[in-house]
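Here is what each chain is made of, one letter per residue.
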Amino acid sequence: MIKAGIIGATGYAGAELVRILMNHKEVEIAWYGSRSYVDQDYADVYGNLFQIVDAKCMDDNMEELAELVDVIFTATPQGFLAGVLTEDILKKVKIVDLSADYRIKDVAVYEQWYKIEHKSPQFIEEAVYGLCEINRDKITPQTRLVANPGCYTTCSILTAYPLVKEGLIDTDTLIVDAKSGTSGAGRGAKVPNLFCEVNESMKAYGVASHRHTPEIEEQLGYAAGKKVLINFTPHLVPMNRGILATEYASLKKKPDGTYPTYEEVKAVYDKYYAKERFVRVLKKGMCPETKWVEGSNYVDINFVIDERTGRIIMMGALDNLVKGAAGQAVQNMNLLFGFDEAEGLKMVPLFP
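If you're wondering where the values come from, they're calculated on a predicted model, not measured in any experiment. (Residues numbered from 1 in each chain as written. Predicted model: local features only at pLDDT ≥ 70, side-chain atom pairs only at ≥ 80, totals over all residues. Heavy atoms only, no water.)

J.: Tell me about the pattern of salt bridges, and please be specific about residues and values.
T.: The final tally for this structure, using the stated rule, is 20 salt bridges. Asp300 serves as the salt-bridge partner of Arg280, at 2.6 Å between the closest nitrogen and oxygen. On the criterion of sequence distance, the pair formed by Arg280 in strand E11 (residues 279-281) and Asp300 in strand E12 (residues 299-306) is long-range, its members being 20 residues apart. Through salt bridges that share partners, Glu16, Arg19, Arg241 and Asp319 make up one connected network. (Salt bridge = Lys/Arg side-chain N within 4 Å of Asp/Glu carboxyl O. Helix = DSSP H or I, 4+ residues; strand = E, 2+ residues; numbered from the N terminus.)

J.: Describe unusual backbone geometry, listing the residues and the values that go with them.
T.: Residue Pro352 is bonded to the preceding Phe351 through a cis peptide linkage, with omega at 0°. Looking at the element boundaries, Pro352 is found in the segment after helix H12 (322-336). The backbone phi angle of Gln51 is positive, close to 60°, even though this residue is not glycine. Among the secondary structure elements, Gln51 is positioned in the loop between helix H2 (42-45) and helix H3 (62-68). Positive phi, close to 60°, is recorded for Glu200, a residue that is not glycine. Relative to the assigned elements, Glu200 resides in the loop between helix H9 (195-198) and strand E8 (203-204). Residue classification places Glu200 among the exposed residues on the basis of a relative accessible area of 75%. (Buried < 20%, exposed > 50% of the residue type's maximum accessible area, 1.4 Å probe, protein only.)

J.: How would you sum up the sheet that holds E12? Please name residues and give values.
T.: The 7 strands lie next to each other as E8-E9-E7-E10-E13-E12-E11, forming an open sheet whose pairing is mixed. Strands with a single pairing partner mark the edges of an open sheet, and in this sheet they are E8 and E11. Two strands pair when backbone bridges link them, and E8 and strand E9 (residues 231-236) are joined in this way by 2 bridges, in the antiparallel orientation. Note that in E9 the partner of Lys203 across the bridge is Leu236. (Pairing = 2+ DSSP bridges.)

J.: Describe the packing of helix H8 (residues 151-165) against helix H11 (residues 262-273), naming the residues involved and giving the relevant values.
T.: Look at H8 against H11: their axes get within 9 Å of each other, and the N-to-C directions meet at 110°. It follows that H8 is roughly perpendicular to H11 by the angle criterion. Of the residues in H11, those in contact with Leu158, Thr159, Tyr161, Pro162, Leu163 and Lys165 of H8 are Val265, Val268, Tyr269, Tyr272 and Tyr273. (Axes fitted to C-alpha atoms, helices over the stretch in contact; angles between N-to-C directions. Parallel < 35°, antiparallel > 145°, perpendicular 65-115°, else oblique. Contact = heavy atoms within 4.5 Å.)

J.: Lay out the nonpolar core with the relevant residues and their values.
T.: Nonpolar side chains tend to gather and get buried jointly when the protein is soluble and globular. Leu21, Tyr42, Phe73, Leu98 and Met333 are the most contacted members of the largest nonpolar core, which totals 44 residues. Of all elements in the fold, only strand E1 (2-7), helix H1 (12-21), strand E2 (27-33), H2, strand E3 (71-74) and H12 reach the threshold of two or more residues within this core. Here Met333 is in contact with Ile2, Leu21, His24, Val27, Val71, Phe73 and Phe339, once residues within four sequence places are set aside. Judged by nonpolar contacts, the second largest core, of 38 residues, contains Tyr152, Ile157, Tyr161 and Ala178. (Core = buried A, V, L, I, M, F, W, Y, C linked by side-chain atoms within 4.5 Å.)

J.: Tell me about the packing of aromatic side chains, and please be specific about residues and values.
T.: A full pass over the atoms with the stated rule returns 11 aromatic pairs. An angle of 15° between the planes, with centres 5.9 Å apart, marks the rings of Phe337 and Phe339 as stacked. Accessibility expressed as a relative area gives 18% for Phe339, which makes it buried. Put simply, the rings of Tyr262, Tyr269, Tyr273 and Phe303 touch in pairs and so form one group of aromatic residues. Geometry around Tyr298 places Arg280 over its ring, the cationic atom sitting 4.4 Å from the centre. When the ring centre of Tyr262 is taken as origin, the NZ or CZ atom of Lys284, which lies over that ring, is 4.6 Å away. (Phe/Tyr/Trp six-rings, centres within 6.5 Å; stacked < 30°, edge-to-face > 60°. Lys NZ or Arg CZ within 6 Å of the ring centre and 35° of its normal.)

J.: Quick one: what's the story with the layout of surface pockets, residue by residue and with numbers?
T.: Quantified by volume, the largest pocket comes out at close to 1400 Å³. Lining the largest pocket we find 49 residues, and of these Thr76, Pro77, Gly184, Ala185 and Gly186 sit closest to its centre. Examining the composition of the lining of the largest pocket, we find that 3 residues originate from one element, H1, more than from any other. Here the lining of the largest pocket is composed, by residue class, of 19 nonpolar, 23 polar and 7 charged. By volume, the second largest pocket is sized at about 540 Å³. Considering the residues around the second largest pocket, the lining is formed by 25 residues, among which Tyr12, Thr182, Ser183, Met239 and Asn240 are closest to the centre. Among the elements of the structure, H1 and H9 are those that each provide at least two residues to the lining of the second largest pocket. (1 Å grid on protein atoms, 1.4 Å probe; cavity = no way out; pocket = protein on both sides within 12 Å on 5 of 7 lines; lining within 4 Å. Points joined across faces, edges and corners; volume = space filled by probe spheres on them. Nonpolar A, V, L, I, M, F, W, Y, C, P; charged D, E, K, R; others polar.)

J.: Could you give an account of the environment of Ala147, naming the residues involved and the relevant values?
T.: Among the structural elements, Ala147 can be located in strand E6 (residues 145-147). With residues near it in sequence (within four places) discarded, Ala147 still touches Asp97, Tyr102, Arg103, Val128, Tyr129 and Gly130.

J.: Which residues make up the pairing of E1, and what values do they have?
T.: The buried fraction of E1 amounts to 5 of the 6 residues, a majority that puts the element mostly inside the structure. In the sheet, E1 pairs with E2 via 6 bridges, with the strands oriented parallel. Looking at the pairing, Ile2 lines up with Val27 of E2. Considered for its hand, the β-α-β crossover made up of E1, H1 and E2 is right-handed. Bridge count between E1 and E3: 4 bridges; the pairing is parallel. Across the sheet, residue Ala4 finds its bridge partner in E3, namely Val71. (Right-handed = clockwise from strand over helix to strand, strands pointing away.)

In short, the description is geometric, and any link to function would need to be established separately.
Here's what the structure looks like:
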């Protein structure tokens, strides 16, 4: 058994980490960190864990925690880990960070989009971007710091990645239109997220300015072998969980002047995902739906070729709290410690 500590255990992503790790046969949670609820029973904050978790919330002392556990999950706002991380801590413990502090390799880009100073840029190069299906070979027992991808980014990148990697689409035309449930905004009390504000409504936000944009561009840029610029527009929808990304791009013509066929595009997706446990490329004609991935670590993906316009519509759906956050973090932890990558993550999607 390894011991895990969670900083930010009473946020939505932190609570999802607890739920998943309680069913992980190789892990014991030793620290439920929450600055807001120190010394309160964890099960008093999340009643679903009554008589399941018998522990009190603790503080966010990373130095003390590093002495006690093998891995720390930081489900914290941007800037927290960057402000406290030291070489001494990293020598003692592995860290999976669910914030954006180490996802973007260019510190100037991070500071531009997140509007805060990065306090420990010396660790950025070392951090591995933890999108397992793409960077699995870089997430090893020797890795000390994993930058867990964002929810929008995981869905957006995986949906387009095979076609970008294989050069089937013109990345200059790529548009990502995405929708998220309200849990993606966190558990803090905010007027725009109140029931009456969200119910029976739908809105775009962060238009041409959302902070996940450079993360998507950077990772797809590695796949394309060149700089990628996209239009990314997120929307808030009145549901608890889920992300649906609909992406549009122009197909590149083959040497004979025709566009790739359905079978050719499907073969590309299968090349990358046929053996992936948590990526499901759906049957022809099936559109991904958030309800079919809720509560699970799955990503459902499909596409439609619009022969009339020469464009392709790519679609992806995932649970923003699982594959988009906590589930992916556990998947990364499994790779760090040499466990079965799917351990603790074999939940069947919930329905209804």
